[in-house]
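Structural overview for review
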Amino acid sequence: MKLKNKVALITGASRGIGRATALLFAKEGANIIVNYFKAENEANSVVQDIKKMGADAITIKCDVSKENEVKQMVDKAIKKFGKIDILVNNAGIVFDVPFKDRTVEHWKRTLDVNLIGAFICAKHVTSHMKKGHIVNIASTNGINACSPESMDYDASKAGLISLTKTLAQALAPNVMVNCVAPGWVDTDINKDLPKDYVKSETQNILLKRFGKPEEIAKTVLFLVSDDASFITGTTVVVAGGYQ
Ligand code: NAD
């Protein structure tokens with residue numbers, strides 16, 4: 001087992017990529033803090049699945065953009081497990097809105113959750129982390145897949161890639177900070193995309209399909225394991241060859 005006796009806090013872990021990462025980490029022996037925003041039942045079901053594997057887990061409700069809530073989440077996690085070895089900043093939102101309808105409120109909420117939320121979690125978790133790993137979940141939208149319909153999301157993910165590098169500097173050598181930039185992945189965040197758009201975007205992927213959450217989770221696991229012992233400040237693209 002690659003993460004035996006490690007404790008991992010995964011934000012937005014009730015579904016999608018966060019859920020898949022929580023289950024894979026638990027399979028590798030980690031105990032998990034399943035952070036969720038609204039979906040209490042789904043978060044509870046992730047905890048049940050983890051416990052069936054023999055690992056321990058708790059749910060903690062928290063909006064990652066609210067510093068007081070993050071501080072309370074970290075305090076609760078430390079009270080329960082005594083430490084946090086791994087933080088996965090996975091929580092994210094997107095508003096698919098044309099430029100003419102996009103508002104400052106869209107921009108602020110997106111940056112608050114996707115970028116500043118990751119900073120807040122990193123700040124409070126690392127105040128308890130002697131040695132460990134942070135993985136930020138960015139997106140190819142922060143690199144080469146940007147679009148006017150998601151301009152604030154794209155900026156937030158480009159910012160997260162930058163934050164990965166600066167956090168890696170700030171926290172070296174004891175905390176290693178890396179980033180995964182997924183391309184299209186089959187999760188709820190994409191459930192309202194028009195079918196024609198999904199079809200045309202699939203043509204831009206060399207492997208001709210969307211990824212599965214589990215395929216992203218495997219890269220996150222690699223980055224927090226001993227297999228990645230000389231990697232920090234890096235972004236790994238997992239996108240099936242998106243062009
Ligand atoms: P998802 O919508 O299933 O997961 C996002 C999670 O974040 C949800 O559980 C949601 O409740 C949680 N969340 C939202 N706001 C929150 C807040 N304020 N506080 C705490 N949690 C909050 O979609 P997903 O695809 O699993 O997304 C996970 C991450 O992967 C996101 O950061 C997303 O931007 C990124 N990503 C997804 C894709 C894709 O195609 N699915 C591609 C690139 C990057």
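A brief report on the enclosed structure follows. Nothing here was measured: the structure is a model prediction, and the numbers come from that model.

Structural notes on empty space enclosed by the protein
This model, assessed by the stated rule, comprises 1 cavity of 30 Å³ or more. Estimates place the volume of the largest cavity at around 50 Å³. As for the largest cavity, its lining consists of T11, V64, N89, N90, A91, V113, N114, G117, A118, C121, I137 and L160. Sort the elements by how many residues they give to the lining of the largest cavity and helix 4 (residues 104-126) lands first, with 5 residues. Broken down by class, the residue content of the lining of the largest cavity amounts to 7 nonpolar, 5 polar and no charged.

Looking at the site of the ligand
Within the structure, the ligand sits among 28 residues, and R15, I17, N90, Y153 and T187 are positioned closest to it. Here an oxygen atom of the ligand and a backbone polar atom of G92 are 3.4 Å apart. A distance of 2.9 Å separates an oxygen atom of the ligand from a polar atom in the side chain of K157. Elements with a contribution of two residues or more to the shell around the ligand: helix 1 (16-27), helix 4 and helix 5 (151-171). Class assignment of the residues belonging to the shell around the ligand gives a composition of 14 nonpolar, 10 polar and 4 charged.

Digging into the packing of aromatic side chains
Here the structure, examined in full by the defined rule, presents 2 aromatic pairs. Seen in terms of ring centroids, W184 and Y197 are 5.9 Å apart; in terms of plane orientation they differ by 85 degrees. Their pairing is edge-to-face. You can see W184 sitting in the loop between strand 6 (175-182) and helix 6 (195-203) and its partner Y197 sitting in helix 6, a full 13 residues away along the chain. Taking the relative accessible area as the measure of exposure, W184 reaches 18% and is therefore buried. Judged by its relative accessible area of 33%, Y197 falls in the partly exposed class. Aromatic pair W184 and F210: ring centres 5.3 Å apart, planes at 15 degrees, arrangement stacked. In this pair, W184 sits in the loop between strand 6 and helix 6 while F210 sits in the loop between helix 6 and helix 7 (213-224), placing the two residues 26 residues apart along the sequence. Note on accessibility: W184 and F210 belong to one class, buried. One Lys or Arg, K80, reaches over the ring of F81 and ends 5.5 Å from the middle of that ring.

Comments concerning the sheet that holds strand 5 (residues 132-137)
Here we have 7 strands laid out as an open sheet, ordered 3-2-1-4-5-6-7, and parallel in their pairing. Of all strands in the sheet, those with a lone pairing partner are strand 3 (57-61) and strand 7 (235-238), marking the two edges. Put simply, the sheet's adjacent strands are angled 20 degrees from each other on average, direction ignored. Here strand 5 pairs with strand 6 via 6 bridges, running parallel. Bridging across to strand 6, V135 finds its partner in N178. Against the sheet, helix 1 contacts strand 1 (7-10), strand 2 (31-36), strand 4 (86-89) and strand 6, and its axis sits at roughly 175 degrees relative to strand 1. Packing of helix 4 onto the sheet brings it into contact with strand 1, strand 4, strand 5 and strand 6, and relative to strand 4 it is tilted by some 170 degrees.

Calculation rules
Residues numbered from 1 in each chain as written. Predicted model: local features only at pLDDT ≥ 70, side-chain atom pairs only at ≥ 80, totals over all residues. Heavy atoms only, no water. 1 Å grid on protein atoms, 1.4 Å probe; cavity = no way out; pocket = protein on both sides within 12 Å on 5 of 7 lines; lining within 4 Å. Points joined across faces, edges and corners; volume = space filled by probe spheres on them. Helix = DSSP H or I, 4+ residues; strand = E, 2+ residues; numbered from the N terminus. Nonpolar A, V, L, I, M, F, W, Y, C, P; charged D, E, K, R; others polar. Near = heavy atom within 4 Å. Polar contact = N/O pair within 3.5 Å; in protein donor to acceptor, adjacent residues only side chain to side chain. Phe/Tyr/Trp six-rings, centres within 6.5 Å; stacked < 30°, edge-to-face > 60°. Buried < 20%, exposed > 50% of the residue type's maximum accessible area, 1.4 Å probe, protein only. Lys NZ or Arg CZ within 6 Å of the ring centre and 35° of its normal. Pairing = 2+ DSSP bridges. Axes fitted to C-alpha atoms, helices over the stretch in contact; angles between N-to-C directions. Contact = heavy atoms within 4.5 Å.

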